[in-house]
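As a plain string of letters, each chain reads:
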Amino acid sequence: MATGGASVASLWTEVNRCGQNGDYTRALKALTKILHENRDDVTALHCKIVCLTQNGSFKEALNVMNTHSKVLGSEVVFEKAYCEYRLNRVESSLKTIEAAAEQTDKLKELYGQVLYRLERYSECKSVYTDLIRNSQDEYEEERKTNLAAVLAAMSQCFPVWTNEDLGLPDSTYELCYNTACALIGQGQLTEAFNKLQQAEELCRVSLADDSDVTEEDIESELAVIHSQMAYVMQLQGRTEEALQLYNQVIKLKPSDVGLLAVTANNIITINKDQNVFDSKKKVKLTNAEGVEYKLARKQLQAIDLNKALLAMYTNQADQCRKLSSNLQSQNPGQPRPVLIQVAQLCREKQHSRAIELLQEFSDQHPERASGIKLVMAQLYLVQGTDMDYSLIAQDISALVTMYSHEEDIDGAIDVFKQAIEHYQSQQPGSAAHLALVREAANFKLKYGRKKEAISDLEQLWNLICYCFSRNRQNTNDIHTLAQLISAYSLVDTDKAKSLSKHLPSADAMSFNVDVDELENSHGATNVRKKAAKVPGENLPKEQGQVDIKKKRKKKKGKLPKNCDPKATPDPERWLTMRERSYYRGKKKGKKKEQIGKGTQGATAGASAELDASKTASSPPNSPRPGSASGSSSAPAGGSSNVVPPRQQKPAASGATRKKVPQKKKKGGKGGW
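Owing to the predicted nature of the structure, the values given are computational and were not obtained by experimental measurement. Starting from 1, residues in each chain are numbered consecutively following that chain's sequence as written. Since the coordinates come from a predicted model, pLDDT governs what is reported: local features require at least 70, and pairs of side-chain atoms require 80 or more to be given and counted, while whole-chain, interface and lining totals use all residues. Excluding hydrogens and water, the side-chain figures rest on all heavy atoms present in the structure.

(A) Inspection of helix H12 (residues 189-208) at higher detail. The terminal C-alpha atoms of H12, which comprises 20 residues, lie 28 Å apart, in line with the 28 Å expected from a rise of 1.5 Å per residue. Exposure categories follow from relative accessible area, calculated using a 1.4 Å probe and restricted to protein chains: below 20% of the type maximum is buried, above 50% is exposed, and the middle band is partly exposed. Numbering of helices and strands runs from the N terminus, with a helix taken as a DSSP run of H or I at least four residues long and a strand as a DSSP run of E at least two residues long. When we look at burial in H12, the residues that qualify are Leu-189, Ala-192, Phe-193, Lys-195, Leu-196, Ala-199, Glu-200, Cys-203 and Leu-207. Along the long axis of H12, the arc covered by the buried residues comes to 160°, so they all point the same way. The outward face of H12, more than 90 degrees from its buried face, is lined by the exposed residues Glu-201, Val-205 and Ala-208. We call two residues contacting when some pair of their heavy atoms lies within 4.5 Å. Next to the buried residues of H12 lie helix H11 (173-185) and helix H13 (215-235). To estimate how far a helix should extend, the number of its residues minus one is multiplied by 1.5 Å. Note that the arc is computed from the directions linking the helix axis to the C-beta atoms.

As structure tokens, this is what we get:
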């Protein structure tokens, strides 16, 4: 027995030494020998579970805990919950933590991680806030980083506090990065981009101090920051820069499958229905193993939606229907999968089936019906089908637009009338009531219903005066009064004059406006600026000094060429020649001079003198080689002086096409 005791003691020494060195594989061998001696040794079992966990053998560690659950009891609650968490059994891990008799700090840390994975961000925030407040150890910075990550995730759902509000500094690049993510969720893109640049600088500085870290390691660590910077650029409309940065991240091939999936998905959104071949390559990165455990539910849904859209763009109808149907079954109240199915049906010209699908969704989910019914209305308009628009949309502006599209002005006015009557009975004098009456009047004026518009404007004016008398509004609406006067001026001028007395005077309506500032403002056009005054120009004048005004010399107007100023101008000079009384037309019968019929450069008058055939000693006319008989042309072999055409016409069928070289004229306007 003494020998056995000494052997066990030496084994424990080996376990302790291996644990300090991080050699958990050798420690497991020693623990196996110890458990061979005593199968129910609680300490040895606990150490074995820790070693298996450190080696990543979570399933084996969980099997040991389940096998010896009676012996171990509550000794390994944290290890069990952690193994379940790492095996992505998040719900089981949550139950294990909540069933624990005592909530230790390490259990609370794990509890926060589990809540984050379950996207229960409000509870997770409370856990980390409590941990930061009540603990003081070397892990405070990690807790603050996790809390910042929770705030960033919450900002995607609704506006939340920033890191500064909770006293979280930007001392590390992780904290700075999470702050930037929170700013993105709040729509503060410029501030978020600046924070990401700050995070990049902090990352480079912190990693440069480590001699074992290479430049490739730094770029790999910066990949997540660069991907987020590209996302901000994409939101700002800088798609070319964003695409370039996304592709740089993809080329690095980071080990984080979640980062690769998000980056590839964002590239697909930039490509849209263009560059489909590249999108099909990138979509494979979103199918990597373990992606579903790295991303939030909202991110996974966005990726699946883009897969369905890509299938539609690549004419994979069956694949598109399959993906969108799966999405709809996972999220029954989400309209996007239904809209993708409808778009696919429209591509197949099945508009009736698409309308039926929309109607089914609208009946099942009336709270989402407003947008769906507008899509139905659009499909009805595409088909040219008659419809009852009141069954399609409840929104007043949408109804008015639809009735106007069908040129049913009375129907649109009736919509306004019903809405005004509703607000008159329920919320008289409210902002919505006044806005409806005003829009009704503008609509009627637009379509020439002046008397009906005047009635609405009078009602609006009376309502405004009533609200003013009850101190519910600070000032009278001059615009409405002016509009009413303008409408009355078309049908009843006396009434317009009587109402114009209520308009304020010009002095009362004057505003303190800086004219110079207004003229120099952006958008001011055709403004003449005064010349700068010369110093000493406004010196006091001496007595007797009189201002002498300089007279400008008037320039004489230029007369047209060949104009006799003494002759009386032709009174019919403004008419065309054919319309003048003395025009007699061109005389017919006379032979025109044969212009351009001789050799090039010859004139008609000199042609007879230079014609050798008319002299007595000239030989009979004979054809020249290279030209047609009896024709006059350029000498054979000479250069042609014909101007080439500006536009080449297609040659006739069977003929060859030759491009005539264009000649350029030096100087002058236009050239050839």
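Now that the structure has been shown, we can carry on.
(B) The state of the cysteines, seen in detail. Disulfides are defined as cysteine sulfur pairs within 2.5 Å. On inspection of all chains with the given rule, the structure shows 0 disulfides. In this model Cys-47 remains outside any disulfide bridge; the closest cysteine sulfur is found in Cys-51, 6.6 Å from its own.

(C) Quick look at the pattern of salt bridges. Salt bridge, as applied in this entry: a Lys or Arg side-chain nitrogen positioned within 4 Å of an Asp or Glu carboxyl oxygen. Enumeration over the complete set of coordinates arrives at 22 salt bridges. The partner of Asp-318 in a salt bridge is Arg-321, with the nearest N and O atoms 3.2 Å apart. With a gap of 3 residues between them, Asp-318 and Arg-321 both fall in helix H19 (residues 317-330), about one helical turn apart. In this structure Asp-318 comes out as exposed when scored by relative accessible area, which is 60%.

(D) Structural context of the environment of Leu-463. Inspection of the secondary structure assignment puts Leu-463 in helix H26 (residues 450-469). Expressed as a C-alpha distance, the spacing of Leu-463 and His-433, which sit 30 residues apart in the sequence, is 9.5 Å. For Leu-463, the residues in contact, after removing those within four places along its chain, are Gly-429, His-433 and Leu-434.

(E) Broad picture of the packing of H19 against helix H20 (residues 335-347). Helix axes use the C-alpha atoms of the stretch in contact, all axes being lines fitted to C-alpha atoms, and the angles between their N-to-C directions lie in the range 0 to 180 degrees. Contact pair H19 / H20: the axes reach a minimum separation of 8 Å and the direction vectors enclose 160°. Relative to H20, H19 is oriented roughly antiparallel. Note that H19 runs across H20; the crossing there is left-handed. Between H19 and H20, the residues in contact are Ala-317, Cys-320, Arg-321, Ser-324, Ser-325, Leu-327 and Gln-328 and Pro-337, Val-338, Ile-340, Gln-341 and Gln-344, respectively. Angular relationships are summarised with four words: roughly parallel below 35 degrees, roughly antiparallel beyond 145, roughly perpendicular across 65 to 115, and oblique for the angles in between. A crossing counts as left-handed when the near helix is turned anticlockwise from the far one by less than a right angle, and as right-handed when that turn is clockwise.

(F) Broad picture of unusual backbone geometry. Backbone geometry at Asn-275 places phi at a positive 50°, although glycine is not the residue there. Tracing the backbone shows Asn-275 in the loop between helix H15 (257-271) and helix H16 (276-282). Although it is not a glycine, Asn-315 adopts a positive phi angle of roughly 60°. Within the secondary structure, Asn-315 is located in the loop between helix H18 (297-313) and H19.

(G) A look at the UniProt feature "repeat: TPR" (unreviewed entry) in the protein chain. The residues that UniProt annotates with the feature "repeat: TPR" (unreviewed entry) are residues 223-256. Taken as a whole, residues 223-256 contains 79% helix and 0% strand, while its terminal C-alpha atoms sit 10 Å from one another. UniProt positions are given in the numbering used here, feature names are shortened, and annotations may be inferred rather than shown by experiment.

(H) Structural detail: the packing of aromatic side chains. Stacked, tilted and edge-to-face are the three classes assigned to paired rings of Phe, Tyr and Trp, where Trp is represented by its six-membered ring and a pair needs centres within 6.5 Å; plane angles under 30 degrees give stacked, over 60 edge-to-face, the rest tilted. As enumerated under the stated definition, the model contains 5 aromatic pairs in all. Consider the rings of Phe-78 and Tyr-82, whose centres lie 6.2 Å apart with planes at 20°: the pair is stacked. One end of the pair, Phe-78, and the other, Tyr-82, are both in helix H6 (residues 77-86), 4 residues apart, so they sit about a helical turn from each other. Residue Phe-78 is classed as partly exposed on the basis of its relative accessible area, which comes to 23%. Aromatic pair Phe-416 and Phe-443: ring centres 5.7 Å apart, planes at 50°, arrangement tilted. Of this pair, Phe-416 sits in helix H24 (residues 409-426) while Phe-443 sits in helix H25 (residues 431-446), placing them 27 residues apart in sequence. Using a relative accessible area of 7% as the deciding quantity, one classes Phe-416 as buried. The structure contains a cluster of three or more aromatic residues connected by ring pairs, namely Phe-58, Phe-78 and Tyr-82. Across the ring face of Phe-193, the terminal group of Arg-238 is positioned such that the distance to the ring centre comes to 5.4 Å. The rule for a charge over a ring is simple: NZ of Lys or CZ of Arg within 6 Å of the ring centre, and within 35 degrees of the ring normal.

(I) Local environment of the side chain of Lys-144. Mapped onto the elements, Lys-144 comes out in helix H10 (residues 140-154). Using a relative accessible area of 18% as the deciding quantity, one classes Lys-144 as buried. Discounting chain neighbours no more than four positions away, the residues touching Lys-144 are Ile-132, Leu-168, Pro-169 and Leu-175.

(J) The nonpolar core, seen in detail. As used here, the term nonpolar core means buried Ala, Val, Leu, Ile, Met, Phe, Trp, Tyr and Cys residues forming a set that is joined through side-chain atoms within 4.5 Å. In terms of nonpolar packing, the biggest core is built from 30 residues, with Leu-196 and Ile-225 touching the most fellow members. Only H11, H12, H13, helix H14 (239-252) and H15 provide two or more residues apiece to this core. In terms of residue count, the dominant contributor to this core is H11 (8 residues). In this view, Ile-225 contacts Tyr-173, Tyr-177, Leu-196, Ala-199, Glu-200 and Cys-203; residues no more than four positions away in its chain are not counted. With 27 residues, the next largest nonpolar core counts Ile-97, Leu-110, Leu-115 and Leu-147 among its residues.

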